[in-house]
Amino acid sequence: MKKLWKGNEAIAEAAVAAGCRYFFGYPITPQNEIPEYLSWRLPEVGGAFIQAESEVSAINMVYGAAGAGARCMTSSSSPGISLKQEGMSYIAGAELPCVIVNIMRSGPGLGGIQPAQGDYFQATKGGGHGDYHPIVYAPSSIQEFVDITYSAFDVADKYRTPVMIIGDGMLGQMMEPAEIPPMRDLSTLPDKNDWAACGHSDGVPRIINSLRIEPEENEAFNIRLFKKYEEITKNETKCDDYMLDDAEIVFVAYGSVARICKAAVVELRAQGIKAGLIRPITLYPYPTNNIAEAAKKDCVKKFITVELSMGQMVEDVRLSVNGLKPVEFYGRSGGSVMMPGDLVKYVKEGK
Amino acid sequence: MQKITISGFGGQGVLSLGKFISYSAIAQNLNTSWLPSYGPEMRGGTASCSVIYSADEIAAPVIDHPDILIAFNEPSLDKFEGAVKEGGIIITNSDIVHKKTTRKDVKLYEIPVDTLASAINKRGANVYMLGILLPIFGDISEEAAIHAVEHVFESKPKVIPSNIECLKAGIAYMKDLLK
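Throughout, a residue's number is its position along its own chain's written sequence, starting from 1. Throughout, the order in which chains and ligands are written sets their labels, letters from A for the former and numbers from 1 for the latter. In keeping with the model being predicted, local features are shown solely for residues with a pLDDT of at least 70 and side-chain atom pairs are shown and tallied solely at 80 or more, while totals for entire chains, interfaces and linings include all residues. Based on all heavy atoms of the structure, the side-chain values leave hydrogens and waters out of the count.

Student: How do you make sense of the interface of chain A and chain B when you look at a structure like this?
Tutor: The parts lose accessible area when they come together, and the size of an interface is often stated as this lost area. Across the boundary between the two partners, chain A contributes 25 residues, which contact 24 residues of chain B. Carbon and sulfur atoms make up 73% of the area that chain A and chain B hide from each other, which totals about 2,000 Å². Summed over both partners, buried area is the accessible surface (1.4 Å probe) that two parts give up on being assembled. Of all residues in chain A, Met-1, Leu-4 and Met-175 of chain A bury the most surface against chain B, accounting for 31% of the area lost on that side. Note on definitions: salt bridges are taken to be side-chain nitrogens of Lys or Arg within 4 Å of carboxyl oxygens of Asp or Glu. Where chain A meets chain B, there are one salt bridge. Secondary structure elements follow DSSP: runs of H or I no shorter than four residues count as helices, runs of E no shorter than two count as strands, and numbering proceeds from the N terminus. Those elements that place two or more of their residues in the side of chain A that touches chain B are strand 1 (3–6), helix 8 (169–173), strand 8 (175–178), helix 10 (255–270) and helix 13 (340–349) of chain A. Considering every element that reaches the side of chain A that touches chain B, the biggest residue donor is helix 10 of chain A, with four residues. Residues count as neighbours in contact if any of their non-hydrogen atoms are within 4.5 Å of one another.

Student: Just checking my understanding: could you explain a negative patch on the surface for this structure?
Tutor: On the surface, Glu-214, Glu-216, Glu-217 and Glu-219 of chain A cluster together into a patch of negative charge. Residue placement: Glu-216 of chain A occurs in helix 9 (residues 215–236). Surface patches are drawn from residues lacking salt bridges whose relative accessible area is over 30%; two like charges belong together within 9 Å, two nonpolar side chains (Val, Leu, Ile, Met, Phe, Trp, Tyr) within 5 Å. For every accessible area listed, the method is Shrake-Rupley and the probe measures 1.4 Å; residues are considered covered only by the protein chains on display. Working convention for charge: Lys and Arg count positive, Asp and Glu count negative, and His plus the chain ends are omitted. Every charge is mapped onto a representative atom, which is NZ of Lys, CZ of Arg, CG of Asp or CD of Glu.

Student: Hey, could you run me through the packing of helix 11 (residues 288–296) of chain A against helix 12 (residues 313–321) of chain A in this one?
Tutor: Packed helices, taken two at a time, are described by the angle between their axes plus the distance between the axes. Residues and elements named next belong to chain A. Two elements in contact, helix 11 and helix 12, have axes separated by 8 Å at closest approach and are oriented at 55°. Judged on the interaxial angle alone, helix 12 and helix 11 are oblique. Handedness of the crossing formed by helix 11 with helix 12: right-handed. Contacts from Thr-288, Ile-291, Ala-292 and Ala-295 of helix 11 reach helix 12 at Val-317, Ser-320 and Val-321. Gly is put with the polar residues, along with every residue not named as nonpolar or charged; the nonpolar set is Ala, Val, Leu, Ile, Met, Phe, Trp, Tyr, Cys and Pro, and the charged set is Asp, Glu, Lys and Arg. Class assignment of the residues belonging to the contact of helix 11 with helix 12 gives a composition of five nonpolar, two polar and no charged. Throughout, an axis means a line fitted to C-alpha atoms (over the contacting stretch in the case of helices), and angles, computed between N-to-C directions, take values from 0 to 180 degrees. With respect to orientation, any angle under 35 degrees is reported as roughly parallel, any angle over 145 as roughly antiparallel, any angle of 65 to 115 as roughly perpendicular, and every other angle as oblique. Each helix crossing is assigned a hand: it is left-handed if the near helix lies turned anticlockwise from the far helix by less than a right angle, otherwise right-handed if that turn is clockwise.

Student: What is the right way to look at the pairing of strand 1 (residues 2–9) of chain B in this model?
Tutor: Looking down a regular strand, the side chains alternate between one sheet face and the other. All names here are of chain B. Summarising burial for strand 1: six of the eight residues are buried, a large majority. A pair of strands is considered paired only if DSSP assigns at least 2 bridges between the two. Where strand 1 and strand 3 (residues 46–54) come together, eight bridges link them in antiparallel fashion. Looking at strand 3, one finds that Ser-7 is bridged to Ser-48. Bridging between strand 1 and strand 4 (residues 68–71) involves four bridges; their strand directions are parallel. By the bridge assignment, Ser-7 is partnered in strand 4 with Ala-71. Type-normalised accessible area, obtained with a 1.4 Å probe on protein chains alone, sets the label of each residue: buried when under 20%, exposed when over 50%, and partly exposed for intermediate values.

Student: What is the right way to read helix 3 (residues 55–67) of chain A from this model?
Tutor: The periodicity of an α-helix, 3.6 residues per turn, causes residues three or four places apart in sequence to face the same way. Residues and elements named next belong to chain A. Helix length check: helix 3 (13 residues) gives 18 Å between terminal C-alpha atoms against 18 Å at 1.5 Å per residue, within 8%. The set of residues buried in helix 3 consists of Glu-55, Ser-57, Ala-58, Ile-59, Val-62, Tyr-63, Ala-65, Ala-66 and Gly-67. Buried positions along helix 3 lie against strand 2 (22–25), strand 4 (72–76), helix 4 (78–83), helix 5 (85–93) and strand 5 (98–104). Of the residues flanking the end of helix 3, it is Gly-69, one or two places downstream, whose phi is positive at about 95°. Every helix has an expected span of 1.5 Å times one less than the residues it contains.

Student: Is there a simple way to think about the sheet that holds strand 13 (residues 302–307) of chain A in this case?
Tutor: Hydrogen bonds between backbone groups are what pair the strands of a sheet, and the pairing can be parallel or antiparallel. Residues and elements named next belong to chain A. Spatially, the five strands line up as an open sheet ordered 9-11-10-13-14, and their pairing is mixed. Looking at which strands have only one partner, the edges of the open sheet turn out to be strand 9 (239–242) and strand 14 (327–331). With strand direction ignored, the average angle separating the axes of adjacent strands in the sheet is 20°. Examined bridge by bridge, strand 10 (residues 249–252) and strand 11 (residues 275–280) share four bridges and lie parallel to one another. Among the inter-strand pairings, Val-250 is bridged to a residue of strand 11, identified as Gly-276. In the packing of helix 13 onto the sheet, contacts are made with strand 10, strand 13 and strand 14, and the angle to strand 14 comes to roughly 145°.

Student: Would you mind going over the side chain of Lys-228 of chain A with me for this structure?
Tutor: Residue and element names in this part refer to chain A. When you line up the elements, Lys-228 lands in helix 9. Accessibility expressed as a relative area gives 11% for Lys-228, which makes it buried. Within 3.5 Å is the distance limit for a polar contact, defined as a pair of N or O atoms, with the added protein rule that one can donate a hydrogen and the other accept it, and that residues adjacent in sequence qualify only through two side-chain atoms. Within the local environment of Lys-228, its side chain forms a polar contact with the side chain of Glu-95, the two groups lying 2.8 Å apart. When near neighbours in sequence (up to four residues on either side) are disregarded, Lys-228 contacts Glu-95, Tyr-159 and Arg-160.

Written out as structure tokens, the structure reads:
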């Protein structure tokens, strides 16, 4: 029988299946099932789980393990992810591959533990200092959590970049049937011996560092980094759409909210209103072209960005639409979640 | 498609009844989602979960208007009765819930599920309730529900027979009531 997986546990098992053997983290609701699961599962497969003394420590352990060439990850929720930002900037600056999961809760500050999407800016614009972006995935079902986690480590290795997977408390806590792909044969993982500080460099020192004190050197690095982001944008941008062909009202939403929009689309269509949905799967790189193409279509009258925030992704939607069509915003925050009926009402009554 | 809200005290098996329904749906080759309330309310307060099953893909896992509300205690009835879909169903655990719903446009079933189940298995009230639900659903077979019970109790095979007995008794009770 197909197994029901809780979102958090599905991420954890998919990471193990993908060959991740090292996890460093610190507990925080609503993502605790990830470390809880990995605390027994990783030792079972010869890996290591460490509960660090803080999030700062955990992300720096990831920095060290990734620098040594290990397939490794950390997970946290919003306030904990804020604490990891310095480490993430260093990891991006040292071009190290790793996976970071953020099961978002409400903020600012300690906020609450209910679902939210208030970390969009932090995730996509580079929450730490300096010019960098992680690749950011926003799955919207448990199976998509599994599939994206499974491939995220390979994407991270391919580009030597941190990859973030963001969900929210709803996706982390809910259960759906999902299938975990087969356990990756560790001998098929990418060879990192040409760069990692793994003790196999025949006495030639390997330096994992992000210090580039000379402006020329640092600028050249940044230019190279952004060439890499161009390549990532070309190859890795992912977007889904639903009932878009003849849509007049186009929702743009990601993660759990995209599913609420999908239900609203079905209901609006049943009432004779041609609604559709664009669902970015990667938030960085952002599927600008998909939205720009939709904006050019005559049938599209307006876009409505729907988020569990006070309005963050709406800025990228406006940049993508570039003034061609009106872009409205519908949001809930603080852990409150809109219902499909709220969106139907908003479309019909404008509030 | 059925959208079901289950609510009660933490420890009444609210979340596991949801899992039984979801696993029964899987065994029936249907899609399903299970969304719990999470946080402090799970420890002592009112716990609830939203379960959906459907032959089609499930869009939103949240439920604004459930087809069926199962209230294991009075606070749950107070909290969720207003949301139930017009013409929907409310099932209360009448061993604990003594008041009636204020809704006139829904069907109310008052089932003393603790008393009924305890004759077979003191901890079987939620599986008994699964039995109550099957004749209402109509599209999930007894076999599928048995598979679900066997699967959930895979690591505790000793309790499977009495739970299956609860399931069958629940089905029989509800079939009788619906006659």
